[in-house]
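So the chains spell out like this:
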Amino acid sequence: MMLKLFNTLTRQLEEFVPLEDGKVRMYICGPTVWNFAHIGNFRTFIFGDVLRRYLKYKGYSLTHVFNLTDIDDRIINESAARNISIDEFTAPYITYFWEDFDALGNERPEVTPRATEHIAEMIDIIAKLIENGHAYESDGSIYYRIAAFPEYGKLSKISFEGNIAGGSDRVDTDKYEKEDARDFALWKLVGEGENPGWDAPFGRGRPGWHIECSAMSMKYLGETFDLHAGGMDLQFPHHENEIAQSEGATGKLFSKYWVHSEFLKIDDVTMSKSKGNFFTFRDLREQGYSPLAIRYLLLSVPYRKQLNFTFEGLKAAESTTERLRNFSALVREAAPVQSNGDAETSARACVAQALEKFETAMDDDLNTAAALAAIHDMVREVNTILAANGLSEEDKAAVLDAVEKFDSVLGIFGKESGELLDEAVEALIAERQDARRHRNFARSDEIRDELAAKGIILEDTKDGMRWRRK
Ligand code: AMP
Ligand code: ZN
């Protein structure tokens, strides 16, 4: 079966056929590391992770590039206000970002470049654009000449009749003289002694936001690659401008498929830093919600539908993930029964059906809601069979194999991240207490080390042994 994805470029559901057999080269716009990412950002990144994992599930080998934007106006302003370098300013946010990203069960992409480490590549593209007439200098800054790229607008389908300011809030549109209000900055003049600034053949300056992604994607994926993704708001101007820059420089198709995920809202308003109506992953962790439940909630609605965040929804996700976790533990620990004819056939048939439905759903533009429904149906049916007749060794293997397959894509059963479940931690602590009572210190130390390796910290308090995650 073929995976179909909705391609923003054609506004159609298309069969996904990579340029090279068996291999996918993809780019997803990553975070701007000026603050903590909020769970809206993570909805988009988890969507990217599910897309990534499903492509692997389909047997493709991947080169997946996911950038960190570590230079933009906000970063420059904040670091200047604190009188520190942009590297010093972004370093802790980069650390926090990966901590949250990992804790939410996402796989690290193959390449995670930072904008500040790719200034030379940006300069090369800008030089090419100046040379072939797609860019021009004005007052020391360099602008993209949209009039020289007739296909401008092909992604966002925005009509550019009349004068529409083409820049985003990250690109200063008014300050300098431009030929056309839509033209956007590729390189912004930075005076001698002013920082941050980089020397270029066309003068000292700093890059605009859009050129970062053209440079980092083409460096690692080539001038033409398979898929480019990001949140809905990046369609315009960010991705439109990436296309103009890249195709303007190379004369070749930039990305074959463009995939955009919808927003996370809260009280029906888009969650955003500027509106202040956001929760970070850490906010929700502090309130006691588990990473698995947060992940489950964020991926439970298909990526092209908006999702409204509520605490009721998160609580429901908490009990759903607990049910999934208990189910796999129950099957794993169930004492196998002798092969039992019909009942056995029905367990395996229901597993086969669930896998088929799961794949059909995911092939249909990553319909995670239908994929989850297939999993829940299987869980319910296998639970019934288990209670009535038990499972044979083969049944157990088939069910656990299916769970592993589902989880290789969704990561919601709780073992993918290597995180110990609460129950497992409690059990080990009890075993350790017992070992100590029996003066079996070797075992007690072994358990302490095992817990430490999994990031569990033990504390002896006057109320007894307490534990927490690092
Ligand atoms: P930024 O760190 O601002 O560059 O944004 C990182 C990613 O998060 C981009 O792909 C945005 O489209 C995405 N994003 C921002 N707000 C939301 C939201 N409320 N829901 C889903 N994605 C979002
Ligand atoms: Zn980008």
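Above this text is the structure in question.
It should be emphasised that the depicted structure is a prediction, and the values quoted were computed from it without experimental measurement.

Asks: Can you walk me through the site of ligand 1 in this structure?
Replies: Of all residues adjacent to ligand 1, which total 17 residues, the nearest are Thr32, Thr44, Asp233, Leu264 and Met271. In this structure, an oxygen atom belonging to ligand 1 sits 2.3 Å away from a side-chain N or O atom of Asp233. Contact with the protein chains removes 91% of the 500 Å² of surface that ligand 1 exposes when unbound. Among the elements that take part in the shell around ligand 1, helix 1 (residues 39–57) stands out by supplying 4 residues, more than any other. Classifying every residue of the shell around ligand 1 by side-chain character gives 6 nonpolar, 8 polar and 3 charged.

Asks: Looking at this model, I keep getting lost on empty space enclosed by the protein. Mind explaining?
Replies: In this approach a probe as big as a water molecule rolls over the atoms, and the regions it shows empty are the leftover space. Considering all chains together, one arrives at 6 cavities of 30 Å³ or more under this definition. Considering only enclosed or pocket space, the largest cavity measures out at about 100 Å³ in volume. Arg43, Ile46, Phe47, Val50, Ser261, Leu298, Leu299, Val301, Pro302, Tyr303, Leu366 and Thr368 are the residues that line the largest cavity. For the lining of the largest cavity, the secondary structure elements donating two or more residues are helix 1 and helix 8 (291–299). The leading source of residues in the lining of the largest cavity is helix 1, at 4 residues.

Asks: Would you mind going over the pairing of strand 4 (residues 61–66) with me for this structure?
Replies: Successive residues of a regular strand alternate their side chains across the two faces of the sheet. In terms of burial, strand 4 is largely enclosed, as 5 of its 6 residues are buried. At this point the chain moves from strand 3 (residues 23–28), through helix 1, to the parallel strand 4, and the crossover so formed is right-handed.

Asks: Can you walk me through the packing of helix 9 (residues 311–333) against helix 12 (residues 393–410) in this structure?
Replies: What describes two packed helices is the angle between their axes and the distance between those same axes. Contact geometry of helix 9 with helix 12 gives a least axis separation of 9 Å together with a crossing angle of 150 degrees. One element, helix 9, and the other, helix 12, form an angle in the roughly antiparallel class. Crossing of helix 9 against helix 12: the hand is left-handed. Facing Phe327, Ser328, Val331, Arg332 and Glu333 of helix 9, the residues of helix 12 in contact are Lys396, Val399, Leu400 and Val403. Residues of the contact of helix 9 with helix 12, tallied by class, amount to 5 nonpolar, 1 polar and 3 charged.

Asks: Explanation requested: helix 6 (residues 235–250) in the structure shown.
Replies: The first and last C-alpha atoms of helix 6 sit 21 Å apart over 16 residues, in line with the 22 Å expected at 1.5 Å per residue. Burial within helix 6 is extensive, with 14 of its 16 residues counted as buried. Immediately downstream of helix 6, the backbone of Gly251 shows phi near 75 degrees, a positive value.

Asks: Explanation requested: the pattern of salt bridges in the structure shown.
Replies: Between side chains of opposite charge, pairing is possible as soon as their charged atoms come close. Applying the stated criterion across every chain yields a total of 30 salt bridges. Residue Arg114 is joined to Asp70 by a salt bridge in which the shortest nitrogen-to-oxygen separation is 2.9 Å. Pair noted here: Arg114 is in the loop between helix 3 (86–103) and helix 4 (119–131) and Asp70 is in the loop between strand 4 and helix 2 (73–82), with a separation of 44 residues, a long-range link. Arg114 sits in the partly exposed class, given a relative accessible area of 21%.

Asks: Just to check I follow, could you spell out the environment of Tyr143 for this structure?
Replies: With respect to the helices and strands, Tyr143 occurs in strand 6 (residues 141–144). Residues Tyr143 and Glu394, 251 residues apart in the sequence, show an inter-C-alpha distance of 65 Å.

Asks: Sorry, what's going on with the sheet that holds strand 4 here?
Replies: A sheet is described by the order of its strands in space; here 4 strands give the open sequence 4-3-9-10, paired in parallel fashion. Each end of this open sheet is capped by a strand with a single partner; those strands are strand 4 and strand 10 (255–261). Each strand of the sheet is rotated relative to its neighbour by a mean of 20 degrees, with strand direction disregarded. Sheet topology places strand 9 (residues 225–231) next to strand 10; 6 bridges connect them, and they run parallel. Of the residues in strand 10, the one forming a bridge with Ala229 is Val259.

Asks: Even after reading the chapter, I still don't get the coordination of the zinc ion (ligand 2), so can you show me in this structure?
Replies: Six octahedral donors around a metal ideally make angles of 90 or 180 degrees; four tetrahedral donors ideally make 109.5 degrees. Around the zinc ion (ligand 2), the donor atoms from the protein are Cys29 (SG), Cys213 (SG) and His238 (NE2), and they sit 2.1 to 2.2 Å away. Mapped onto the polypeptide sequence, the residues donating to the zinc ion (ligand 2) form the spacing pattern C-x183-C-x24-H. Note that Cys213 is positioned in helix 5 (residues 209–221) and His238 in helix 6, a separation of 25 residues in sequence. Given the relative accessible area of 1%, Cys213 is considered buried.

Asks: Even after reading the chapter, I still don't get the packing of aromatic side chains, so can you show me in this structure?
Replies: The description of an aromatic ring pair uses the distance of the two centres, along with the angle that the planes make with each other. Inspection of the entire model under this criterion finds 29 aromatic pairs. By way of ring pairs, the aromatic residues Phe42, Phe45, Phe66, Phe97, Trp98 and Phe101 are connected into one cluster. Lying across the ring of Phe278, Lys273 places its NZ or CZ 5.0 Å from the centre.

Asks: It is not clear to me how the sheet that holds strand 6 should be interpreted in this structure. Could you clarify?
Replies: Taken together, the 4 strands give an open sheet; going across it, the order is 5-6-7-8, and neighbouring strands pair in antiparallel fashion. The open sheet has two edge strands, strand 5 (135–138) and strand 8 (205–207), and neither has a second partner. In this sheet, adjacent strand axes meet at a mean angle of 25 degrees when their direction is disregarded. Of the pairings in the sheet, the one linking strand 6 to strand 7 (residues 185–189) comprises 2 bridges and is antiparallel in character. Paired with Ile142 across the bridge in strand 7 is Trp187. Across the face of the sheet, helix 4 comes into contact with strand 5, strand 6, strand 7 and strand 8 while running at roughly 110 degrees to strand 7.

Reading the values: the criteria
- Residues numbered from 1 in each chain as written.
- Chains lettered and ligands numbered in written order.
- Predicted model: local features only at pLDDT ≥ 70, side-chain atom pairs only at ≥ 80, totals over all residues.
- Heavy atoms only, no water.
- Near = heavy atom within 4 Å.
- Polar contact = N/O pair within 3.5 Å; in protein donor to acceptor, adjacent residues only side chain to side chain.
- Areas by Shrake-Rupley, 256 points an atom, 1.4 Å probe, with all protein chains shown as cover.
- Helix = DSSP H or I, 4+ residues; strand = E, 2+ residues; numbered from the N terminus.
- Nonpolar A, V, L, I, M, F, W, Y, C, P; charged D, E, K, R; others polar.
- 1 Å grid on protein atoms, 1.4 Å probe; cavity = no way out; pocket = protein on both sides within 12 Å on 5 of 7 lines; lining within 4 Å.
- Points joined across faces, edges and corners; volume = space filled by probe spheres on them.
- Buried < 20%, exposed > 50% of the residue type's maximum accessible area, 1.4 Å probe, protein only.
- Right-handed = clockwise from strand over helix to strand, strands pointing away.
- Axes fitted to C-alpha atoms, helices over the stretch in contact; angles between N-to-C directions.
- Parallel < 35°, antiparallel > 145°, perpendicular 65-115°, else oblique.
- Left-handed = near helix turned anticlockwise from the far one by under 90°.
- Contact = heavy atoms within 4.5 Å.
- Expected span 1.5 Å × (residues − 1).
- Salt bridge = Lys/Arg side-chain N within 4 Å of Asp/Glu carboxyl O.
- Pairing = 2+ DSSP bridges.
- Donors = N, O, S within 2.8 Å, 3.2 Å for Na, K, Ca; no water.
- Phe/Tyr/Trp six-rings, centres within 6.5 Å; stacked < 30°, edge-to-face > 60°.
- Lys NZ or Arg CZ within 6 Å of the ring centre and 35° of its normal.

Such coordinate-based values are descriptive only and should not be taken to indicate function.
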